[in-house]
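Observations on chain architecture
So the chains spell out like this:
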Amino acid sequence: MTSRAPRSPVWHPFTQHAIAPAPIEIAGAQGAYLRTPEGDLILDAISSWWVVTHGHCHPRIVAAIREQAEKLDQVIFAGFTHEPAEKLARALVEMAPPGLAHVFYSDSGSTAVEVALKMALGYWRNTGAPRTRVVALEHAYHGDTVGTMSAGARGVFNASYEPLLFDVTRVPFPAAGGEQETLDALEAACKAEPVAALIVEPLILGAGGMLVWKSETLAEMRRICDRYDVLLIADEVMTGWGRTGTLFACEQAGVTPDILCLAKGLTGGHLPLAATLSSEAIFQAHYSQDRAKTFFHSSSYTANPIACAAGLANIAIWRDEPVLERIAKLTSMHERRLAQFGTDETFASVRQCGTIAALDLKVEDAGYLANAGPRLMEFFLNKGILMRPLGNTIYVMAPYCVTPEQLDTVYSAIGAASAVVLSGGR
Ligand SMILES: *Cc1c(COP(=O)(O)O)cnc(C)c1O
């Protein structure tokens, strides 16, 4: 059913070209579907790598992009500003947990986190008490740049770059029952030396395997950070914009981070844009007659007006449409369908965090490089569904417009997957 492109000069991300099948060409998209040039439809059950929230080519976002493109395409953002960036920043501050007062724009999740780490270290240096130690969770993923790889888990993905990575203190992932161990490790790290910042993916670790953890633990982490004067960085690049059931995951813990990283769903998944929100104190630490205290970061397309207009349209959708209701419905749809897998011997660790559902196929060779991953992906594609299991972890993260019927096709494919994949067939 799928069209495979001929040999091409394109070098694809996270792709071993020697063994990967040729990429599938996509010519269009609408709602929860991708469309090939031949007109075949593929259900986008992973929101095109977690970015598309409301659905592909949302008419309001598309209209905002079109309108803005005709007015102002791009302008340098140092010494200049524009309405879409100003309005979006105000809206973000209004929607974010209370206490976040400033918005720094960049263009991807990785840069949002990179900016967060630089803000944290800048804060400590500019306030005259330099701290550089970063604490992160085991299995964390924060991006693919050198700084964000440093904060993320080490493995086959970054082995070649290891000498470039800086050292961070890693605390255990707060798995159910192991929360206290994590909190104790965090406290021990804070006692051992001055810590600049703790960085976490609130409530669910994405690329690390869709690992779910409790909001109470996040609240407790905030208290420990306060006690030791440690900045809390919430990487909500994936969890933001409703994925966990609330607009931002931090809300469920009643926590305001000192720095909040947003990207992926910020434009509804239509254009690349990121925002790093900071507390007043962090901004003030850089606010000075001394030019050396400037926050030295920029990318060419910082606050691109068209991307900001898409972000504003996304926020208008959140304000005008019952998005949270849609998300609540999707959450209970997952609940109902996941229930059947709880007793299925071929799966383990059936779990959910809001609109994200995940379960592990029991295989002998677990881990990302497990054979199961690519075979599962191929299996789902042949059923017209885009899934990209993390090794043997199958997850569903569909756009919020997905219908119960569409979700049913995904879950019946998951049900059929184990027999087919484990037997080695298709
Ligand atoms: C995807 C992701 C990133 C990186 O975002 P990019 O836009 O791919 O650079 C960072 N942190 C988390 C938690 C993510 O899921």
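Residues numbered from 1 in each chain as written. Predicted model: local features only at pLDDT ≥ 70, side-chain atom pairs only at ≥ 80, totals over all residues. Heavy atoms only, no water.

Some words on the nonpolar core
Applied cut-off: Put simply, buried Ala, Val, Leu, Ile, Met, Phe, Trp, Tyr and Cys residues joined by side-chain atoms within 4.5 Å make one nonpolar core. Remark: exposure states derive from per-residue accessible area (1.4 Å probe, protein chains only) relative to the maximum for the residue type, with buried under 20%, exposed over 50%, and partly exposed in between. Delimitation of the domains relies on an automatic or database domain assignment. Whether two residues are in contact is decided by their heavy atoms, any of which lying within 4.5 Å being enough.
Ranked by internal contacts, the top residues of the largest apolar core, which has 86 residues, are Leu92, Tyr105, Leu198, Trp241, Phe380, Met387 and Ile414. Taken together, domain 1 (28-57 + 322-422) and domain 2 (72-320) each give at least three residues to this core, which thus spans both. Setting aside residues up to four positions removed in sequence, Leu92 forms contacts with Val103, Trp241, Leu262, Leu266, Ala275, Leu277 and Ile315. Membership of the second largest hydrophobic core comes to 27 residues, among which are Leu117, Ala151, Val237 and Cys261.

Regarding the packing of aromatic side chains
Basically, it comes down to this: For this analysis, a ring pair means two rings from Phe, Tyr or Trp (six-membered ring only for Trp) whose centres lie within 6.5 Å, classed as stacked if their planes differ by under 30 degrees, edge-to-face if by over 60, and tilted for the remaining angles. Helix numbers and strand numbers start at the N terminus; a helix is a DSSP run of H or I with at least 4 residues, a strand a run of E with at least 2.
Taken as a whole, this structure holds 12 aromatic pairs when the rule is applied. Taking 5.9 Å as the distance between ring centres and 35° as the angle between the ring planes, the aromatic pair formed by Phe14 and Phe157 counts as tilted. Here the residue Phe14 occupies a position in the segment before strand S1 (28-30), and Phe157 occupies one in the loop between helix H5 (146-151) and strand S6 (169-171), the gap between them amounting to 143 residues. A residue is classified by how much of its surface remains accessible, and Phe14, at 39% relative accessible area, is partly exposed. Note on Phe157: relative accessible area 42%, which makes it partly exposed.

What to know about the environment of Glu187
With respect to the secondary-structure elements, Glu187 resides in helix H6 (residues 179-192). What makes Glu187 buried here is its relative accessible area of 19%. As a C-alpha pair, Glu187 and Ile356 span 169 residues in sequence and 30 Å in three-dimensional space. Beyond its immediate chain neighbours, meaning those up to four positions away, Glu187 contacts Ile224, Arg227 and Tyr228.

Comments concerning the site of the ligand
Here is the rule: If even one non-hydrogen atom of a residue comes within 4 Å of a molecule or strand, that residue is called near it. Each polar contact in these results corresponds to two N or O atoms within 3.5 Å; when the atoms are within protein, one needs to be able to donate a hydrogen and the other to accept it, and residues that are neighboring in sequence are counted only if both atoms are side-chain atoms. Each residue receives one of three labels: charged for Asp, Glu, Lys and Arg, nonpolar for Ala, Val, Leu, Ile, Met, Phe, Trp, Tyr, Cys and Pro, and polar for the others, Gly being one of them.
The immediate surroundings of the ligand are formed by Trp50, Ser108, Gly109, Ser110, Tyr141, His142, Gly143, Glu201, Asp235, Val237, Met238 and Lys264. One of the backbone nitrogen or oxygen atoms of Gly109 is found 2.7 Å away from an oxygen atom of the ligand. Measuring from an oxygen atom of the ligand, one finds a side-chain N or O atom of Lys264 at 2.7 Å. Along the lines of polarity and charge, the residues of the shell around the ligand split into four nonpolar, five polar and three charged.

Quick word on the domain arrangement of the protein
Note the cut-off: Buried area, as used here, totals the accessible surface that two parts lose on assembly, with accessibility defined by a 1.4 Å probe and the loss added over both.
Along its sequence, the protein is organised into domain 1 (28-57 + 322-422) and domain 2 (72-320). When each unit is reduced to the centre of its C-alpha atoms, the spacing between domain 1 and domain 2 is 27 Å. Taken together, the contact between domain 1 and domain 2 spans 29 residues of the former and 26 residues of the latter. Between domain 1 and domain 2, a total of about 2,200 Å² is buried, with carbon and sulfur atoms accounting for 67% of that surface. Sorting the residues of domain 1 by area buried against domain 2 places Trp50, His54 and Cys353 first, and these three jointly supply 26% of that buried surface. Counting across the interface, domain 1 meets domain 2 through 12 residue pairs in polar contact (both at pLDDT 80 or more). Sorting the residues of the side of domain 1 that touches domain 2 by element identifies helix H1 (47-50), helix H10 (323-339), strand S13 (347-353), strand S14 (356-361) and strand S16 (393-396) as the ones contributing at least two each. Here the residues of the side of domain 1 that touches domain 2 are counted per class, giving 19 nonpolar, nine polar and one charged.

Looking at the pairing of S13
In plain terms, the rule: We call two strands paired when DSSP finds no fewer than two bridges between them.
Across five bridges, the pairing between S13 and S14 is antiparallel. Pairing of Cys353 across the sheet is with Ile356, part of S14. Two successive antiparallel strands, S13 and S14, enclose a turn made up of two residues, where Gly354 displays a positive phi of approximately 60°.

Quick look at unusual backbone geometry
In this model, His139 sits at a positive phi of 70°, which is unusual for a non-glycine residue. Here the phi dihedral of Leu203 falls at roughly 70°; this positive angle occurs in a residue that is not glycine. Judged by relative accessible area, which is 2%, Leu203 ranks as buried.

Digging into helix H3 (residues 83-95)
Which entries qualify depends on this criterion: For a helix, the expected span equals 1.5 Å multiplied by the number of residues minus one. Regarding the arc, it is the one traced by the directions from the helix axis to the C-beta atoms.
End to end, H3 covers 18 Å across 13 residues, agreeing with the expected 18 Å (1.5 Å per residue, within 8%). Among all positions in H3, only Pro84, Ala85, Leu88, Ala89, Ala91, Leu92 and Met95 are buried. In a view along the axis of H3, the buried residues occupy a sector of 165°, so they form one face of it. Opposite its buried face, H3 presents the exposed residues Glu83, Arg90 and Glu94, each directed more than 90 degrees away. The inward-facing, buried residues of H3 contact helix H2 (59-71), strand S4 (100-106), strand S11 (259-262), strand S12 (274-279) and helix H9 (305-320).

Overview of the side chain of Thr148
Along the chain, Thr148 turns up in helix H5. On the accessibility criterion, Thr148 (0% relative accessible area) is buried. When neighbours within four sequence positions are excluded, Thr148 is seen to be in contact with Ser110, Val113, Glu114, His142 and Gly143.

Some thoughts on the sheet that holds strand S2 (residues 33-35)
Spatial ordering of the open sheet is given by S1-S2-S3-S15, a layout of four strands whose pairing is mixed. At either end of the open sheet lies a strand with only one pairing partner, and these are S1 and strand S15 (385-386). As paired strands, strand S3 (residues 41-44) and S15 are joined by two bridges and run parallel to one another. In the sheet register, Asp44 faces S15, and the bridge partner there is Leu386.

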